[in-house]
Amino acid sequence: MALVDRDLLLAVVAEARRAPSARNQQPARWRLRDDVIELLEDPARRLPACDPSGRDHRLALGAAWEGTRLALSSRGLRFDDEVLAAVPDEQGVVACGRVVDGGMKDLLVDVVMRRATWRGNFLAVQAHVLGDVAADLEPLGAVLVQNPAIIEDAARVIDDASAANLLRPSAIEELVGWLRLARDHPGWDRDGLNADMLDLSPFSARLQSLALRRGPLSQLHRARLAHLVVGEAEQTRSASALIAVLAQTDEIDIVVGARFYRCWLTVTSAGLHVCPMSVLTADEALGAQFSRALGLPAGWKLLHLWRVGRAPRVVPLSPRLPPEELIT
Ligand SMILES: Cc1cc2nc3c(=O)[nH]c(=O)nc-3n(C[C@H](O)[C@H](O)[C@H](O)COP(=O)(O)O)c2cc1C
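Residues numbered from 1 in each chain as written. Predicted model: local features only at pLDDT ≥ 70, side-chain atom pairs only at ≥ 80, totals over all residues.

## Examining the overall build of the chain
The secondary structure content of the chain amounts to twelve helices and ten strands. The C-alpha radius of gyration computed for the chain amounts to 20 Å, which stays within 12% of the reference 20 Å derived for 328 residues, consistent with globular compactness. C-alpha extents for the chain along the principal axes are approximately 60 × 45 × 35 Å. The long-range fraction of contacts in the chain, counting pairs at least 24 apart against all pairs at least 6 apart in sequence, stands at 79%. (Helix = DSSP H or I, 4+ residues; strand = E, 2+ residues; numbered from the N terminus. Rg over C-alpha atoms; globule rule 2.2 N^0.38 Å. Contact = placed C-beta atoms within 7 Å.)

The following block contains the structure:
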């Protein structure tokens, strides 16, 4: 008798889809063949302009696979014969595993439905809480950075780096495609970044949509105005620390993505929130600058920088596509 049927897969996907993706574009799809679960990419959900190497896309797929593993664990199930690929195969499959009995509940399962990105200002965090988080992150290949000079550097460069990124017309159009600035946008409750997730008031959301609209403004002015509305310098300065997520130089992105998600859930279980700052590591020169400042151990490279702190209020969960649409 089959261990996994469609109803079980739907329940597993309902939890696994909570894994993060860069623009909440949710690139992961699931397929069941006998008791083998396959994870596929939806290539239409790549971000060619802002993530040309596909790194963040594959990290999101790795996080979704880890989410699948976590959801199975709470049902006493686990993967056997797992195969993880560096890039999707010709059918789009990036991971597969046979589901077998015998999983032990992973403790991080308990925070999957609490993890959320916080993009506003942070409240301070007590030193002992940060110390515990640093110790929990170390075995996961992530480093807590409390050096105020490095936090200030991140705050100083983040808005210019984002504005420079948006100077490419393809990048600004791609961003616009994933923004849902008004509640009547058909994707508001489904995917992408809505104004609530960005912590934008209706006025700021309106201003942002004016800034991003194609029209009389030059590309430079669109990018600058867009970042006046969603600037991140102040939020970065309010962070108690940064988290540097590292990757071994020979690790594949799917594996790193799984770790990326475990790091984030680990921070959530300490009652803290993070906001990834992709722009600081997507740019080669900036990434190299922060790598040097961090003095990384040999064999490791800087993958991502996150700001971390305590959110001033409960952060609502962001939307996801219904599980039925995520199963192929
Ligand atoms: C690889 C990756 C990169 C991300 N980069 C950013 C970023 O640069 N800025 C940001 O505000 N959020 C970033 N995020 C967070 C996503 O936007 C967020 O996970 C997604 O919108 C879903 O929301 P949730 O995390 O609250 O569930 C990133 C997430 C991932 C997985």
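## A word on the nonpolar core
Grouped together as the largest cluster of nonpolar side chains are 68 residues, with contacts concentrated most on Leu39, Leu242, Ile243 and Ala244. When we break this core down by domain, the ones giving at least three residues each are domain 1 (6–113) and domain 2 (127–154 + 235–309). Judged by nonpolar contacts, the second largest core, of 16 residues, contains Ala171, Ile172, Leu175 and Ala223. (Core = buried A, V, L, I, M, F, W, Y, C linked by C-beta atoms within 7 Å. Buried ≥ 20, exposed ≤ 12 C-beta atoms within 10 Å, placed from the backbone. Domains from an automatic or database assignment.)

## Let's talk about the domain arrangement of the chain
Under the domain assignment, the chain is made up of domain 1 (6–113), domain 2 (127–154 + 235–309) and domain 3 (159–232). Its C-alpha centre places domain 1 at a distance of 22 Å from the equivalent point of domain 2. When contributions to the side of domain 1 that touches domain 2 are tallied by element, the ones reaching two or more residues are helix 2 (55–73) and strand 4 (93–101). Considering every element that reaches the side of domain 1 that touches domain 2, the biggest residue donor is helix 2, with eleven residues.

## Remarks on the sheet that holds strand 4
Spatial ordering of the open sheet is given by 1-2-4-3, a layout of four strands whose pairing is antiparallel. In this open sheet, the two strands that pair with only one neighbour each are strand 1 (28–33) and strand 3 (77–84). This sheet shows a mean twist of 25° between the axes of neighbouring strands, independent of strand direction. Direction of pairing for strand 3 relative to strand 4: antiparallel, over a ladder of six bridges. Counted as the bridge partner of leucine 77 is aspartate 101 from strand 4. (Pairing = 2+ DSSP bridges. Axes fitted to C-alpha atoms, helices over the stretch in contact; angles between N-to-C directions.)

## With respect to the site of the ligand
Neighbouring the ligand are 19 residues, the closest being Pro20, Asn24, Pro276, Ser278 and Ser318. Examining the composition of the shell around the ligand, we find that four residues originate from one element, helix 2, more than from any other. Considered class by class, the residues forming the shell around the ligand number eleven nonpolar, five polar and three charged. Residues lining the shell around the ligand come from more than one domain, with at least three contributed by each of domain 1 (6–113) and domain 2 (127–154 + 235–309). (Near = placed C-beta within 6 Å. Nonpolar A, V, L, I, M, F, W, Y, C, P; charged D, E, K, R; others polar.)

## Considering the sheet that holds strand 5 (residues 142–145)
One open sheet holds the four strands; their spatial order is 5-8-10-9, and the pairing between them is antiparallel. Across the chains shown, the open sheet's two edge strands, defined by having one partner strand only, are strand 5 and strand 9 (273–276). Strand-to-strand twist in this sheet, taken as the mean axis angle between neighbours without regard to direction, amounts to 35°. Both strand 8 (residues 241–248) and strand 10 (residues 300–309) contribute to a ladder of eight bridges, which runs antiparallel. In the strand pairing of strand 10, isoleucine 243 is matched with tryptophan 306.

## Topic: the packing of helix 2 against helix 9 (residues 253–269)
Where helix 2 meets helix 9, the closest approach of the two axes is 6 Å, and the angle between their N-to-C directions is 65°. Considering only the axes of helix 2 and helix 9, their crossing is right-handed. On helix 9, the residues touching Arg55, Arg58, Leu59, Ala60, Leu61, Gly62, Ala63, Trp65, Glu66 and Gly67 of helix 2 are Asp253, Ile254, Val255, Val256, Gly257, Ala258, Phe260, Tyr261 and Arg262. Counted by class, the contact of helix 2 with helix 9 contains eleven nonpolar, three polar and five charged residues. (Left-handed = near helix turned anticlockwise from the far one by under 90°.)

## Focus: helix 9
Helix length check: helix 9, at 17 residues, gives a terminal C-alpha distance of 24 Å against a target of 24 Å (1.5 Å per residue), a fit within 8%. By the criterion of burial, helix 9 is predominantly enclosed, with 14 of the 17 residues buried. Directly after helix 9, the chain includes glycine 271, whose backbone phi takes a positive value near 85°. (Expected span 1.5 Å × (residues − 1).)

## Notes on the environment of leucine 107
In this fold, leucine 107 is placed in the loop between strand 4 and helix 3 (127–137). Distance in space between the C-alpha atoms of leucine 107 and leucine 265 is 9.9 Å, their sequence separation being 158 residues.

## Re the environment of valine 109
Examined against the element boundaries, valine 109 turns out to sit in the loop between strand 4 and helix 3. Placed 93 residues apart in sequence, valine 109 and proline 202 show a C-alpha to C-alpha distance of 35 Å. Beyond its immediate chain neighbours, meaning those up to four positions away, valine 109 contacts Leu70, Ser73 and Ser74.

## Re unusual backbone geometry
The phi dihedral of aspartate 81 is positive, around 50°, even though this residue is not glycine. Considering the arrangement of structural elements, one finds aspartate 81 in strand 3. One non-glycine residue, aspartate 199, lies in positive phi territory at about 60°. Here aspartate 199 is to be found in the loop between strand 7 (193–194) and helix 6 (202–212). Taking the number of C-beta atoms within 10 Å as the measure of exposure, aspartate 199 has 15 and is therefore partly exposed.

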